[in-house]
Amino acid sequence: MSGARYLVRLGAEGETKEVSVEARGARWAITVGEAEHLVEQIVLEKDELLSLIVGDHSYLVDLIETDWESGRFVVGAIGEQIALSVRDELEAVAEQVTAAARQSGIFELRAPMPGIVVRALAAAGERVARGQGLVILEAMKMQNELASELDGRLRELLVEPGQLVETGAVLARVVQEAE
Amino acid sequence: MPPLRKVLVANRGEIAMRVMRTARKLGIATVAVYSEPDRQAPHVFFADQALPLGGTSSAETYLRIDKLVEAARRAGADAVHPGYGFLSENPAFAEALSEAGVVFVGPPASAMAAMGNKLRARALMLAAGVRVIPGSEGAVSDPKEAARLAKAIGFPVMLKAAAGGGGKGMRVVRSADQLAAALNATREEAGKAFADESVFVEKYIDRPRHIEIQVMADAHGHCIHLGERECSIQRRHQKVVEESPSPFVTPAMREAMGAMAVQAAQAVGYEGAGTVEFIADAERNFYFLEMNTRLQVEHPVTELITGLDLVGLQFQVAAGEPLPLTQAQVARRGWAMEFRIYAEDPERGFLPSTGKIQRLRAPAGPGVRHDSGIYEKYEVPVYYDPLLSKLVISGEDRADTIARARQAFQEFVIAGIKTNIPFHQWLLRQPRFAAGDFDTHFIDEHFRSEEINHDPRVPAVAVLAAVLAYHQHARRLNFDEAAARDGQPSRWRHTARREAVARRGQA
């Protein structure tokens, strides 16, 4: 492989592919694993909408989410959307080290959307299991049960019934506990 | 009665737009009302006049009879169209408007009241000879009485808390020996949940299909039906996909259901557009469920196969005109399917999703209709129903319609919030759906969120696009950083500035 090298991961826990990119005349030579693709690109809307011709197959591609810092993307094509992340090789190695250090064993329950807290389903200090509901949040006339992603103890409950919360607000913290 | 001149639409979202389109077509001026968060909603821009209701929640705005009547008076509207939901089936709203001298585009308050109470409606329908689900006529507490009834009805039976609803306080009993215990448990549960231990016994339909008949009646005693809609693709009693005709209904069944629906409507002195809902079993026995005394969300599928404008007919009937066609003149052609586009995430248990619609590209082409209440950069508010729009597809026959729908969804892009578009694409790939072989349990029994992403070209193209974008972005940054390090302005910016200076020099 020659050119700039990247590691691409599909989805949250999908497989990782090695990809290299280099300019070749007016086109790009992009190698994914063993396969080389010649790609011609025009930008229809900067960082948003692209027309790609891969070989001679034509695709209209939406860059739906672009986080240049973390390399996370959501890309749409042919009526489907897919999440993936791109790192250059050096960054990828550095991140693996910090990720291991950050294994703190704390789960923060965050509001996935703005809404109103209906009630808590567990009390602070209580043991909770992974998948167990902690808080009921109402949004758009629907009640949604938000669950713990850890087996452990509910250390803090940070909201009360009737409280309006924004997306991303921390509602509760669960600390991992050994059996 | 003079023709209508100005209509206030007491609703929001796609249905407000839909109603206003027909009003405009007929030369009727349009008035929108809006809550504070809906100042940015498209129905407000679309109308000729727009009046604020003040307040945020539905209870403070679209459900306030006093505010809506006052708005109609202030705007000088001679009619109010309620859309669906909100006050559309509220007899008190119709009465308040009538007292204010404003036409309610809907049935008489008495017809709404009669159909609005499930028990009363059932008794009325029985008396009118409409087939209802066999069951007890009153609450049952004695296990012996329950056993006698269940035997007469035939197992399986359903025990249903009288005060229950939305799937709560219900229990299926498949044989006589389970009955007494189930009755006790249901009564206890009902007492706890609803403070009312009354329980009904009725026939349980094992593989139910939800099929409904559109009716239309005028003030001169004419009532016709416009055929059926198949609404069995539902989740949590919420319809998701509807079609007409139903792949399950035979011509004889259609005729019998249509006649029974007309009978039901006439029994309550119905006027305007209404829908009689039936539940059908695998042997094509069908039973009256309830009547929706308003325009339905899924009315477009009937419009596409009959060629009629149902909102237009509603206005004509409300203005006192007779129906412009007889039952024999109702023509039906081809097939139509409606896909409700909800702001919800099918990959995470259909959790509602709110936020800004960053991108919207609706499909187009033959047989594609998009009834929408959104636009690009629209912020979806958290306060109301999650229905964003409806994609309605028509074709020569069912297979043609499915093929068109698949194609349309390939073109459909909504980004910024999650929608159930991937669910629809999944559904359109299911062989059982294509074969018309489904019932109301289909989604619960068959949907798997991990089957959503399907086309192997998508990850392949996404990898190329994302790597290329990332690579070019990194190069752009590096170029700027390198230039900054050398104490030089970026060459890009430098060039741009020189050109700007040159242009200014020429001016």
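Here the structure is shown first, and the text comes after it.
In this text, all values refer to a predicted model and were calculated from it rather than measured experimentally. Think of each chain on its own: its residues are numbered from 1, step by step along the sequence as written. To read the labels, note that chains go from A and ligands from 1, taken in the order they are written. Local features are withheld for residues below a pLDDT of 70 in this predicted model, meaning they are given only at 70 or higher, and side-chain atom pairs are given and counted only at 80 or more; totals for whole chains, interfaces and linings count all residues. Hydrogens are left out, water is left out, and the side-chain values use all remaining heavy atoms of the structure.

Visitor: How would you sum up the overall build of chain B? Please name residues and give values.
Guide: Helix and strand assignments follow DSSP, with helices taken as H or I runs no shorter than four residues and strands as E runs no shorter than two, numbered in order from the N terminus. A tally of regular secondary structure across chain B gives 17 helices and 22 strands. If you line up chain B on its principal axes, its C-alpha atoms span 95 × 60 × 50 Å. In chain B, which comprises 507 residues, the share counted as buried stands at 53%. Throughout, a residue-residue contact means that at least one pair of heavy atoms, one from each residue, lies within 4.5 Å. Sequence-distant contacts, at least 24 apart, represent 65% of the contacts inside chain B between residues at least 6 apart. Only the protein chains shown count as covering a residue, and every accessible area follows the Shrake-Rupley method with a 1.4 Å probe. When the accessible surface of chain B is split by element, carbon and sulfur atoms take 51% of a total near 21500 Å². Whether a residue is buried, partly exposed or exposed follows from its accessible area with a 1.4 Å probe, protein chains only, as a fraction of its type maximum: under 20%, in between, or over 50%, in that order.

Visitor: How would you summarise the overall build of chain A if you had to cite specific residues and measurements?
Guide: The secondary structure content of chain A amounts to one helix and 16 strands. In chain A, buried positions account for 39% of the 179 residues. In chain A, 37% of the contacts between residues at least 6 apart in sequence involve partners at least 24 apart.

Visitor: So what's going on with the sheet that holds strand β5 (residues 103-104) of chain B? Residues and values would help.
Guide: Each strand in a sheet pairs with another by means of backbone hydrogen bonds, the pair being arranged parallel or else antiparallel. Residue and element names in this part refer to chain B. Spatially, β3-β2-β1-β4-β5 is the arrangement adopted by the five strands of the open sheet, whose pairing is parallel. The open sheet is flanked by β3 (49-52) and β5, the only strands paired with a single partner. Each pair of strands is called paired provided DSSP finds at least two bridges between the two strands. Of the strand pairs in this sheet, strand β1 (residues 6-9) and strand β4 (residues 79-81) are connected by three bridges, and their pairing is parallel. Bridge pairing links V9 to H81 in β4. Each of β1, β2 (29-34) and β4 touches helix α1 (residues 13-25); the most contacted strand, β2, lies at about 160 degrees to it. Axis angles are defined between N-to-C directions and span 0 to 180 degrees, where every axis is a line fitted to C-alpha atoms and, for a helix, only to the segment in contact.

Visitor: Please give an account of the sheet that holds strand β12 (residues 272-280) of chain B that cites residues and values.
Guide: Residue and element names in this part refer to chain B. Reading across the sheet, the eight strands line up as β13-β12-β9-β10-β11-β14-β21-β19 and stay open at both edges, with antiparallel pairing between neighbours. Across the chains shown, the open sheet's two edge strands, defined by having one partner strand only, are β13 (286-292) and β19 (368-372). Taken over all neighbouring pairs, the strand axes of this sheet differ in orientation by 25 degrees on average, direction set aside. As judged from the four bridges shared by strand β10 (residues 223-235) and strand β11 (residues 238-244), these two strands associate in the antiparallel manner. The residue bridging E230 from the neighbouring strand is E243, located in β11.

Visitor: Tell me about the interface of chain B and chain A, and please be specific about residues and values.
Guide: If you look at the interface, chain B gives 46 residues, while chain A gives 50 residues. Note on terms: buried area is the combined drop in 1.4 Å-probe accessible area of two parts once they are placed together, counting the loss on both. With both chains or domains summed, chain B and chain A bury close to 4300 Å², and 67% of this area falls on carbon and sulfur atoms. Of all residues in chain B, the largest losses of buried area upon contact with chain A belong to R359, L464 and Y470 of chain B, amounting jointly to 17% of the total for that side. Whenever Lys or Arg places a side-chain nitrogen within 4 Å of a carboxyl oxygen from Asp or Glu, that contact is recorded as a salt bridge. The interface formed by chain B and chain A includes two salt bridges. Here R361 of chain B makes a salt bridge to D62 of chain A, at a shortest N to O gap of 2.7 Å. In protein, a polar contact requires one atom able to donate a hydrogen and another able to accept it; more generally it is a pair of N or O atoms within 3.5 Å, and residues adjacent in sequence count only if both atoms are side-chain atoms. The tally of links between chain B and chain A comes to twelve residue pairs in polar contact (both at pLDDT 80 or more). Elements that contribute at least two residues to the side of chain B that touches chain A include exactly β16 (351-352), β18 (359-361), α12 (398-411), β22 (413-415), α13 (421-429) and α16 (457-485) of chain B. No other element matches the 18 residues that α16 of chain B contributes to the side of chain B that touches chain A. For the side of chain B that touches chain A, the class distribution of residues is 25 nonpolar, ten polar and eleven charged. Throughout this entry, Asp, Glu, Lys and Arg are counted as charged residues, while Ala, Val, Leu, Ile, Met, Phe, Trp, Tyr, Cys and Pro are counted as nonpolar. The remaining residues, Gly among them, count as polar.

Visitor: Describe the packing of helix α7 (residues 143-153) of chain B against helix α8 (residues 179-194) of chain B, listing the residues and the values that go with them.
Guide: Residue and element names in this part refer to chain B. Contact geometry for α7 and α8: axes closest at 10 Å, N-to-C directions at 115 degrees. Crossing angle aside, the handedness with which α7 passes α8 is right-handed. Of the residues in α8, those in contact with P143, A146, A147 and A150 of α7 are L179, A180 and L183. In terms of residue class, the contact of α7 with α8 is made up of seven nonpolar, no polar and no charged. Helix crossings are classified by the rotation of the near helix relative to the far one: an anticlockwise turn of less than a right angle makes the crossing left-handed, while a clockwise turn makes it right-handed.

Visitor: So what about helix α4 (residues 91-99) of chain B? Which residues, and what values?
Guide: All names here are of chain B. Within α4, the full set of buried residues consists of F93, A94 and L97. The buried residues of α4 occupy an angular sector of 100 degrees when projected down its axis, which confines them to one face. Those residues of α4 that are exposed and angled more than 90 degrees off the buried face are S98 and E99. Of the surrounding secondary structure, the elements contacted by the buried residues of α4 are α3 (65-75), β4, β5 and α5 (109-116). Taken from the residues just after α4, G101 is the one with a positive phi, measuring 75 degrees. Starting at the helix axis, one direction is taken to each C-beta atom, and the arc is that of these directions.

Visitor: Explain a nonpolar patch on the surface to me, and be specific about the residues and the numbers.
Guide: For patch building, the residue pool is restricted to those with more than 30% relative accessible area and no salt bridge; the joining distance is 9 Å between like charges and 5 Å between nonpolar side chains (Val, Leu, Ile, Met, Phe, Trp, Tyr). There is a patch of nonpolar side chains on the surface, built from I42, L44 and L60 of chain A and spanning about 250 Å² of accessible area. By the element assignment, I42 of chain A lies in strand β4 (residues 35-45).

Visitor: Got a sec to walk through the side chain of R398 of chain B? Specific residues and values, please.
Guide: Residues and elements named next belong to chain B. Within the secondary structure layout, R398 lies in helix α12. At a separation of 2.9 Å, a polar atom in the side chain of R398 contacts the main-chain carbonyl oxygen of F433. In contact with R398, other than residues within four places in its own chain, are E243, P247, W335, M337, F433, A434, A435, G436 and F438.

Visitor: Which residues make up the environment of D400 of chain B, and what values do they have?
Guide: Note on placement: D400 of chain B falls in helix α12. You can call D400 of chain B partly exposed: its relative accessible area is 25%.

Visitor: So what's going on with the environment of R127 of chain A? Residues and values would help.
Guide: Residue and element names in this part refer to chain A. Structurally, the position occupied by R127 is in strand β11 (residues 127-128). Judged by relative accessible area, which is 38%, R127 ranks as partly exposed. For the pair R127 and R110, spaced 17 residues apart in sequence, the C-alpha separation works out to 19 Å.

Visitor: Give a detailed account of the nonpolar core, specifying residues and quantitative values.
Guide: All names here are of chain B. In this text, buried Ala, Val, Leu, Ile, Met, Phe, Trp, Tyr and Cys residues form a nonpolar core when linked through side-chain atoms within 4.5 Å. Counting 58 residues, the largest nonpolar core has I233, F339, I414, F423 and F433 as its most contacted members. Among the elements that make up this core, the one with the highest residue count is α13 (five residues). Excluding residues that lie within four positions of it along the chain, I233 makes contacts with Q238, K239, V240, V241, F423, L427, F433, F438, F442 and I443.

Visitor: Just give me the short version of the state of the cysteines, but keep the residues and values in it.
Guide: All names here are of chain B. Our working definition of a disulfide is a cysteine sulfur pair at a distance within 2.5 Å. Scanning the entire structure with this criterion turns up zero disulfides over all chains. You can see C231 has no disulfide; the closest cysteine sulfur is in C223, sitting 18 Å from it. In this structure C231 comes out as buried when scored by relative accessible area, which is 0%.

Visitor: Tell me what's going on with the packing of aromatic side chains, and back it up with residues and numbers.
Guide: Think of a pair of aromatic rings as described by two things: how far the centres are apart, and how the planes are tilted against each other in angle. Note on ring pairs: Phe, Tyr and Trp rings are taken, using the six-membered ring of Trp, and paired if centres are within 6.5 Å. Classes follow the plane angle, with under 30 degrees stacked, over 60 edge-to-face and the rest tilted. All chains considered together, the criterion is met by 20 aromatic pairs over all chains. Seen from their ring centres, Y6 of chain A and Y470 of chain B are 5.7 Å apart, and the 85 degrees between their planes marks the pair as edge-to-face. Taken together, the positions of Y6 of chain A in strand β1 (residues 4-10) and Y470 of chain B in helix α16 put the pair across two chains. Residue classification places Y6 of chain A among the buried residues on the basis of a relative accessible area of 6%. Members of the aromatic cluster, each reached through a chain of ring pairs, are F350, F423, W426, F433, F438, F442 and F447 of chain B. Each ring is checked for a lysine NZ or an arginine CZ that lies within 6 Å of its centre and within 35 degrees of its normal; such an atom marks a charge sitting over the ring. Lying over the aromatic face of F46 of chain B, R24 of chain B brings its terminal NZ or CZ to 5.1 Å of the ring centre. Positioned above the aromatic ring of F286 of chain B is the side chain of R131 of chain B, whose terminal nitrogen or guanidinium carbon lies 4.6 Å from the ring centre.

Visitor: So what's going on with unusual backbone geometry? Residues and values would help.
Guide: Omega for the peptide link from F155 of chain B to P156 of chain B comes to -5 degrees, which places this bond in the cis form. Along the chain, P156 of chain B falls in the loop between α7 and β6 (157-161). With an omega of -5 degrees, the peptide bond running from S244 of chain B to P245 of chain B counts as cis. In this fold, P245 of chain B is placed in the loop between β11 and α9 (251-267). Phi at I78 of chain A is positive, roughly 50 degrees, even though this residue is not glycine. Note on placement: I78 of chain A falls in the loop between β7 (72-77) and β8 (80-88). Overall, the relative accessible area of 16% leaves I78 of chain A in the buried class.

Keep in mind these values describe shape, not function.
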